[in-house]
Amino acid sequence: MKMATVYVDGRAYEMDPKQNLLHACLQLRMDLPYFCWHPAMGSVGACRQCAVKQFKDESDQHGRIVMACMTPVAEGARISIRDPEAVEFRQAIIEGLMLNHPHDCPVCDEGGECHLQDMTVMTGHDYRRYTFEKRTFRNQYLGPLVNHEMNRCIQCYRCVRFYREYAGGNDLNSFSLRNQVFFGRDRDGVLENEFAGNLVEVCPTGVFTDATLKRHYTRKWDLQMAPSVCVHCGLGCNITAAERYGMLRRLVNRYNGEVNGYFLCDRGRFGYEFVNSERRVRQPVLRGKPASAEPALEHLRELAGGSVIGIGSPRASLESNFALRSLVGAERFYAGVPGAQSRLLKQMVDVLRNGPARTPSLREIEHCDAVLILGEDVTNTAPRMALSLRQSVRQQPAEIAERMRVPLWMDHPVREIAQDQKGPLFIATPSPTRLDDAAARSHRAAPDDVARLGFAVSHLLDQGAPADLPDALRGPAEEIAQALKSAKRPLIVSGPSLGSAAIIQAAANVAWALPGAALAFTAPESNSIGLSLMEAPALDAALAAEADTAIILENDLYRRLPAAVVDEFLARFRHVAVLDCVESATTAKAELVLPAAAFAEADGSLVNSEGRAQRFFQALLPTAPIQESWRWLGEWETLDEILGAMASALPHLATAASAAPGASFRMDGAKVPRSPHRYSGRTAMLAQIDVHEPKPPEDRDSPLSFSMEGTPDQPPSALQPFFWTPGWNSIQAVNKFQEEIAGPLRQGDAGVRILEPGSQRPPFFDQIPPPFQARDGEWLLTPLYHIFGSEELSRLAPGIAQLSPQPYVALNPEEAGQFGGEVDLLGQRISLVRIADLPRGLAGVPVGIPPFAGLDLPMWSRISRPS
């Protein structure tokens with residue numbers, strides 16, 4: 001691409017002609033203030049803060065004020081950031097914004113990382129001349145996750161643009177009356193969108209702040225931080241975990257251009273409080289009594305020396321699973337997931353390894369221009385992927401703007417041109433999803449019928465693919481096939497959520513029938529793919545294993561299997577040992593319980609649904625005797641040692657060792673600091689123990705230091721704990737760390753892919769299920785997932801628990817008419833809800849919520865009136 005030469009304050013620079021001047025100047029590391037512009041949302045010119053002086057040519061001495069975010073880069077353009085008139089204009093804008101802004105920086109939750117503070121200092125505004133009354137508003141209650149302080153608003157419109165236009169929410173809006181604008185809901189109430197927590201980072205001031213942090217607030221510069229990975233689904237979003245006084249205080253988004261970009265889902269952002277839960281296992285328990293570490297570890301070694309099996313976990317790290325496998329022997333190690341789910345995960349891995357379809361990153365998903373979703377309620381099973389899919393439907397309408405030569409960064413004109421047009425997104429699920437409003441067509445069907453639709457589409461794309469194509473499916477199948485065939489970057493999304501191998505096979509057939517198509521599978525837990533790559537037998541096989549002892553790793557078996565089955569299974573062993581970070585029904589049955597470190601207290605690796613291995617690091621040292629499970633289970637002294645052992649024993653996982661630099665990595669002889677240079681109170685924090693400042697703890701497992709001392713330079717992305725640069729204290733500082741704005745980080749995005757497609761297309765799957773048949777007096781219990789409540793660990797966070805649903809059963813309204821407000825199901829009285837589009841013969845039940853945890857769904861069951 002030919003670059004344009006632009007003169008900024010008399011100096012020539014090469015700039016991308018497809019971008020605006022603000023974007024281009026920031027990419028060149030220039031300091032130019034802004035508020036309304038956001039790299040993921042484009043330009044609207046609302047705040048007028050990025051004003052520069054533009055000149056016609058080198059002889060023009062007067063020029064004119066233009067907004068950099070609304071002015072395209074052009075060959076030979078001449079602008080000035082330092083021109084006195086432009087400087088005065090920007091100062092006046094800030095002064096106007098500050099007329100009504102409260103002087104509450106010392107008590108504002110945003111203080112110290114506030115973009116408004118940074119831009120005010122950057123413009124030179126430091127004195128308020130306005131002496132009259134300020135405009136004030138009443139704040140709203142927006143739920144347990146986001147706090148509202150409307151008096152701090154500067155009317156940049158970022159919040160409603162993100163919430164409504166980018167994330168698809170509709171309950172937050174701007175309300176205008178004469179010369180006042182209010183940003184909030186039409187009434188108090190919980191924000192309904194699953195990505196509302198991003199308002200905390202999108203807002204450049206303190207209007208929207210983290211309500212969970214507010215409960216245990218700490219100034220941002222006093223936080224000790226570490227690069228980490230979200231553990232609440234299989235996408236592996238990058239996060240920064242931050243602690244103070246030994247407590248995990250908050251999580252924020254850590255930019256990874258290929259994975260989560262600038263945004264997180266609310267479960268990932270606020271589910272962290274399980275680390276501080278009262279249900280944490282904090283010391284060993286031996287035969288029902290607290291014990292010290294030494295006798296507990298000795299007892300574990302005695303048990304491991306006998307007849308023993310090990311049960312792994314999809315929420316434990318690669319290292320911990322490998323440590324248990326090494327302790328008990330590969331032939332005695334079981335995967336810790338039920339047989340049905342294990343087979344589905346292995347089939348997904350086989351499809352991705354052996355088939356020609358590549359699994360895309362979330363960034364690549366955003367650029368796909370036709371999508372078919374088979375069986376997945378993506379917003380609830382892989383939330384951040386749903387946000388990417390919302391952007392994908394803009395790809396084809398955006399082509400209209402390109403043909404009209406309207407640059408894509410000019411957000412509102414592009415949306416005005418597109419109007420209500422959407423790109424082809426097709427969703428086939430049993431029940432309505434939160435993405436339906438963005439879909440061109442939503443198809444409701446039982447799991448087997450969802451698979452049949454997929455097989456029909458694959459047959460229309462390639463006559464060699466098998467199909468049973470009845471007239472009822474022909475219309476939707478032809479529409480979908482035509483859209484996928486016409487697309488430049490087609491995508492098929494599926495996963496194991498409905499427990500259907502046929503759906504996964506149908507998705508593979510569609511992707512294989514369409515050369516160049518991408519295939520994205522969701523994964524239920526943070527290391528489901530990594531555990532599957534260890535190729536261990538499923539939990540069902542462990543039920544038949546003969547042994548005296550079972551060692552269970554970070555796994556509540558009562559969430560995997562029916563309670564009666566688990567009771568019988570555990571009763572067979574003379575000894576049961578459990579390692580976990582939280583108490584569960586399984587730890588309650590154990591003879592020995594060992595306290596495992598939670599993700600923020602541990603170092604380890606996870607493999608996401610893309611097949612990307614990523615490393616997470618300790619933000620805080622756990623209180624002894626808590627430690628990583630792999631330390632309890634093995635003799636390895638450091639993380640590098642166990643990674644080396646894993647690479648030797650499992651060569652196909654060797655690449656995971658390069659997910660981050662090893663512990664010996666240094667930059668000019670220095671480690672990477674976990675704390676910002678403004679970190680304070682190192683002596684006072686521990687004054688009740690010793691008035692002398694102790695030596696910072698030594699980290700043998702990573703190149704990170706537990707202090708503010710270390711390299712001032714940008715480290716490799718996997719080691720980047722936070723984004724800060726002089727003059728940029730807010731999250732907007734990430735601009736300074738990117739190779740290009742909204743592109744990869746300068747050191748490359750974190751993680752390494754360990755799953756790549758094959759070169760040849762395998763034979764098409766040909767086991768097409770028969771059409772679904774409803775039964776008299778029975779219903780097929782079908783899993784319904786909830787972003788809040790279905791995942792095990794986040795349910796222990798108070799804010800998430802408050803938003804989690806109570807047990808219910810959902811029926812089609814016609815079938816629900818024979819019952820009242822409650823039904824008898826599985827021997828319990830349960831609330832009945834009505835879902836209009838749910839197919840007859842299906843009964844939806846919430847996954848992971850008692851009494852439905854542990855059921856092998858879908859399954860047939862009778863439903864009756866309460867007696």
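Residues numbered from 1 in each chain as written. Predicted model: local features only at pLDDT ≥ 70, side-chain atom pairs only at ≥ 80, totals over all residues. Heavy atoms only, no water.

**Some details on the overall build of the protein chain**
Thinking step 1. When its secondary structure is counted, the protein chain shows 26 helices and 35 strands.
Thinking step 2. Taken over the C-alpha atoms alone, the protein chain extends approximately 90 × 75 × 55 Å along its principal axes.
Thinking step 3. Excluding contacts between residues fewer than 6 apart, the proportion of contacts in the protein chain whose partners are at least 24 apart in sequence is 73%. (Helix = DSSP H or I, 4+ residues; strand = E, 2+ residues; numbered from the N terminus. Contact = heavy atoms within 4.5 Å.)

**A look at the sheet that holds strand 4 (residues 64-67)**
Adjacent strands of a sheet form backbone hydrogen bonds with each other and so pair up, either parallel or antiparallel.
Thinking step 1. If you trace the five strands from one edge of the open sheet to the other, you get 2-1-5-3-4, paired in mixed fashion. Across the chains shown, the open sheet's two edge strands, defined by having one partner strand only, are strand 2 (11-15) and strand 4. Strand-to-strand twist in this sheet, taken as the mean axis angle between neighbours without regard to direction, amounts to 40 degrees.
Thinking step 2. When strand 3 (residues 51-55) meets strand 5 (residues 78-80), the two strands line up antiparallel, connected through three bridges. From the neighbouring strand, Gln 54 faces strand 5, where its bridge partner is Ile 79.
Thinking step 3. Those strands touched by helix 2 (residues 84-98) are strand 3, strand 4 and strand 5, and its axis lies near 155 degrees from that of strand 3. (Pairing = 2+ DSSP bridges. Axes fitted to C-alpha atoms, helices over the stretch in contact; angles between N-to-C directions.)

**Overview of the pattern of salt bridges**
Thinking step 1. All chains considered together, the criterion is met by 50 salt bridges.
Thinking step 2. Between Arg 138 and Asp 188 there is a salt bridge, with the nearest N and O atoms lying 3.0 Å from each other. Taken together, the positions of Arg 138 in the loop between helix 3 (115-123) and strand 6 (146-148) and Asp 188 in the loop between strand 8 (180-184) and helix 5 (199-202) put the pair 50 residues apart, joining distant regions of the chain.
Thinking step 3. Under the relative-accessibility criterion, Asp 188 is labelled partly exposed at 35%.
Thinking step 4. As a salt-bridge pair, Arg 384 and Glu 366 come within 3.6 Å of each other at their nearest N and O atoms. With Arg 384 in helix 13 (residues 383-392) and Glu 366 in helix 11 (residues 362-366), this residue pair connects regions lying 18 residues apart in the sequence.
Thinking step 5. When its relative accessible area of 3% is taken as the criterion, Arg 384 is described as buried.
Thinking step 6. Note on Glu 366: relative accessible area 17%, which makes it buried.
Thinking step 7. Connected via shared salt-bridge partners are Arg 358, Glu 364, Glu 610, Arg 612, Arg 753 and Glu 756. (Salt bridge = Lys/Arg side-chain N within 4 Å of Asp/Glu carboxyl O. Buried < 20%, exposed > 50% of the residue type's maximum accessible area, 1.4 Å probe, protein only.)

**Structural notes on the packing of aromatic side chains**
Thinking step 1. For the structure shown, the criterion picks out 17 aromatic pairs.
Thinking step 2. Residues Phe 137 and Phe 182 carry aromatic rings whose centres are separated by 5.7 Å and whose planes lie at 55 degrees to one another, so their mutual orientation is tilted. Separated by 45 residues along the polypeptide, Phe 137 in the loop between helix 3 and strand 6 and Phe 182 in strand 8 bring together distant segments of the chain. With respect to class, Phe 137 is no different from Phe 182; both count as buried.
Thinking step 3. Consider the rings of Phe 162 and Phe 263, whose centres lie 4.9 Å apart with planes at 40 degrees: the pair is tilted. Separated by 101 residues along the polypeptide, Phe 162 in helix 4 (residues 158-166) and Phe 263 in the loop between strand 12 (247-253) and helix 7 (266-270) bring together distant segments of the chain. The same class applies to Phe 162 and to Phe 263, which are both buried.
Thinking step 4. A cation over a ring is seen here: Arg 244 above Tyr 245, with NZ or CZ 5.1 Å from the ring centre.
Thinking step 5. The ring of Tyr 679 carries Arg 244 above its face, with NZ or CZ at 5.1 Å from the centroid. (Phe/Tyr/Trp six-rings, centres within 6.5 Å; stacked < 30°, edge-to-face > 60°. Lys NZ or Arg CZ within 6 Å of the ring centre and 35° of its normal.)

**As for the pairing of strand 31 (residues 808-811)**
Thinking step 1. Burial of strand 31 is two-sided: the residues Tyr 808 and Ala 810 facing one way and the residues Val 809 and Leu 811 facing the other way are all buried.
Thinking step 2. Where strand 31 lies against strand 33 (residues 828-834), four bridges are found, and the strand directions are parallel. Across the sheet, residue Ala 810 finds its bridge partner in strand 33, namely Val 833.

Such coordinate-based values are descriptive only and should not be taken to indicate function.
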